[in-house]
Amino acid sequence: MQGRRWWRYGLSGLIVLLVPAAAYLGWLQGRAASAPVTHAMPAPPDRQMPVSDASMPQPSRASAASDTPLPALETPLRDSLATLRQRADAGESAAACRLAAEFEYCHQIRYRLAAASETLREQERSGINTASGLSEQTRQNLRNMMAANSEHLLKESEHCEGVPLSTAAERVRYWRQAALAGSTPALRHYAVGNAFRLNETLENLEALVVYRREAEALAWRGVASGDLHTGFALASALSPQRNELRRYFLAQAVKPDKAKALALYLHLERQLQSAPAAFDGLRAQVEQQRSELLADLDASMQARARELAAGYARDWTPASWEPAAVPTPGARGTPDAARAECSRPVTEHATR
């Protein structure tokens, strides 16, 4: 009830506040998208690792997928929520992924609205109207940008009106369910740790215990399915130097291993040889990390890494070059799984 009230009354109140202000909304949107995102990574053994054990129940193949299309993305969540929840609770991986992504989307909308409201309060104390050194034309341009960005944000928020706020546990539960059922985007999102937000750590303590036990195996399954996001995240986690610098959830769940990290970078480099120009940024990062590890390993460890990489190329699904698959690694780490991605087919790889 409180969630419904927030969307109905809080949103209408923010409409009045946001349209005339939010000077730094563009910056805030970037901060809102990046601040809560956490990123993680794991390490594999030299032989096959089963992805499932007694702690990781697997839905039946019959319930994991469905030929029935998911509701259109433009459908307001209040109109598709019951259907998505019913299908997700029945074990359908795509529906569980979509439901988790919808909840994540609305959670982020709320975060961005709150951030914009806070910016308004800052503006009241030291706004652009009194900023020294700015011409009147510059101030007007900033006001126009604020209004346009505010209207865009409020338009996006309409998708979530009339829907109770999701809990941290609810979002994690559906991300994990979809990941276990084999949804590629959900596998990536859960395995690298993006399902867990830093500002919700205490709420997720029990779920993080489970995550720590299964993240490594799930991450390897994601890489085996051809997902480059997960491959880059996993390789970074396995690299001792990067592991010390970026102790995200996945990096905390695995043991660093230089040879396995190099093997993954070699595999990614081979995959990226035929990638379009959109992947140039990732290609450059992979080549840099591969070079650094090569210089740090002796001949026997290099040979082991090349043997592992050859096995990956033989046994794993080739990467996809569809536009939605373009990774954008950077300060934020692995990007969140988007709602539109959840219609992708489930993975077929159960082992590494």
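See the structure printed just above.
Calculation criteria
Within every chain, residues take consecutive numbers counted from 1 along the sequence as written. Only residues with pLDDT of at least 70 are given local features in this predicted model, and only at 80 or more are side-chain atom pairs given and counted; all residues enter the totals for whole chains, interfaces and linings. Water and hydrogen atoms were dropped before computing side-chain values, which therefore reflect all heavy atoms in the structure. Segments assigned H or I by DSSP are reported as helices when at least four residues long, segments assigned E as strands when at least two residues long, and all are numbered from the N terminus. Buried means the residue's accessible area, taken with a 1.4 Å probe over protein chains only, is under 20% of the maximum for its type, while exposed means over 50%, and partly exposed covers the values in between. Should any heavy atoms of two residues lie within 4.5 Å, those residues are considered in contact. We call a set of buried residues a nonpolar core when its members are Ala, Val, Leu, Ile, Met, Phe, Trp, Tyr or Cys and they connect through side-chain atoms within 4.5 Å of each other. Any carboxyl oxygen of Asp or Glu within 4 Å of a side-chain nitrogen of Lys or Arg constitutes a salt bridge here. To estimate how far a helix should extend, the number of its residues minus one is multiplied by 1.5 Å.

### Some words on the overall build of the protein chain
- Summing up its helical and strand segments, the protein chain has 15 helices and 0 strands in all.
- Out of the 352 residues in the protein chain, the part that is buried amounts to 52%.
- Partitioning the contacts of the protein chain with sequence separation of at least 6, the portion at a separation of at least 24 is 82%.

### Observations regarding the nonpolar core
- Membership of the largest hydrophobic core comes to 72 residues, with the highest contact counts inside it found for Trp-175, Tyr-190, Phe-196, Tyr-211 and Leu-264.
- Sorting elements by how many residues they give to this core places helix α5 (residues 93-126) first, with 9 residues.
- Counting residues in hydrophobic clusters, the runner-up holds 5 residues, among them Ile-109, Leu-113, Ala-116 and Leu-154.

### Some details on the side chain of Thr-230
- In this structure, Thr-230 sits in helix α10 (residues 228-238).
- When its relative accessible area of 1% is taken as the criterion, Thr-230 is described as buried.
- Excluding anything up to four places from it in sequence, Thr-230 contacts Arg-188, Val-192, Ala-219, Gly-222 and Val-223.

### With respect to the pattern of salt bridges
- The tally for this structure, following the rule as stated, stands at 19 salt bridges.
- Between Lys-155 and Glu-158 there is a salt bridge, with its nearest N and O atoms 3.4 Å apart.

### A closer look at the environment of Ala-178
- Residue position: Ala-178 is located in helix α7 (residues 168-180).
- Note: C-alpha distance between Ala-178 and Cys-97 (81 residues apart in sequence) is 5.2 Å.
- The residues touching Ala-178, leaving out its near neighbours within four places in the chain, are Ser-93, Ala-96, Cys-97, Ser-183 and Ala-186.

### Section: α7
- If you check α7, its first and last C-alpha atoms are 18 Å apart, about what 13 residues at 1.5 Å a residue would give, namely 18 Å.
- With respect to burial, α7 is a largely interior element, 10 of its 13 residues being buried.
- Taken together, the buried positions of α7 are occupied by Ala-168, Glu-170, Arg-171, Val-172, Tyr-174, Trp-175, Arg-176, Ala-178, Ala-179 and Leu-180.

Keep in mind these numbers describe shape, not what the thing actually does.
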